[in-house]
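# Structural overview for review
One letter stands for each residue in the lines below.
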Amino acid sequence: MVLQPGLFYGGGISIFFFLIWLGCIGLGIFAFILFVKLALRAITALDLYNHAKNLEIRERYESVQKDDNV
């Protein structure tokens with residue numbers, strides 16, 4: 001019967017590989033958080049752009065109708 005000396009010793013997973021794996025997991029979570037923040041900022045910018053364009057369109061077309069009625 002062959003006994004394994006442990007998970008991090010000998011034939012198991014090395015500590016160096018485990019630390020690299022943890023680092024990759026951490027960087028992945030960090031990148032996901034940054035992506036979510038970027039997406040929220042882009043949605044806010046798009047909402048502001050749409051609001052400004054709607055105001056511009058309303059001023060242009062409603063002002064023509066107001067002048068015609070007066």
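A brief look at the structure comes next. As the structure is a prediction and not an experimental result, all values here were calculated from the model. (Residues numbered from 1 in each chain as written. Predicted model: local features only at pLDDT ≥ 70, side-chain atom pairs only at ≥ 80, totals over all residues. Heavy atoms only, no water.)

Turning to the overall build of the protein chain, a few remarks are in order. Secondary structure assignment for the protein chain yields one helix and zero strands. Relative to its 70 residues, the protein chain shows a buried fraction of 0%. Carbon and sulfur atoms provide 70% of the accessible area of the protein chain, an area that totals close to 6800 Å². (Helix = DSSP H or I, 4+ residues; strand = E, 2+ residues; numbered from the N terminus. Buried < 20%, exposed > 50% of the residue type's maximum accessible area, 1.4 Å probe, protein only. Areas by Shrake-Rupley, 256 points an atom, 1.4 Å probe, with all protein chains shown as cover.)

This part is about the pattern of salt bridges. Using the criterion set out here, one finds two salt bridges in the structure. The salt bridge partner of E56 is K53, with a shortest N-O separation of 3.7 Å. One end of the pair, E56, and the other, K53, are both in helix α1 (residues 15–69), three residues apart, so they sit about a helical turn from each other. A salt bridge links E56 to R60; the nearest nitrogen and oxygen atoms lie 3.7 Å apart. In this pair, E56 and R60 both sit in helix α1, four residues apart, roughly one turn of the helix. Judged by relative accessible area, E56 falls into the partly exposed class, the value being 36%. Look at the salt bridges and you will find they share partners, linking K53, E56 and R60 into a network. (Salt bridge = Lys/Arg side-chain N within 4 Å of Asp/Glu carboxyl O.)

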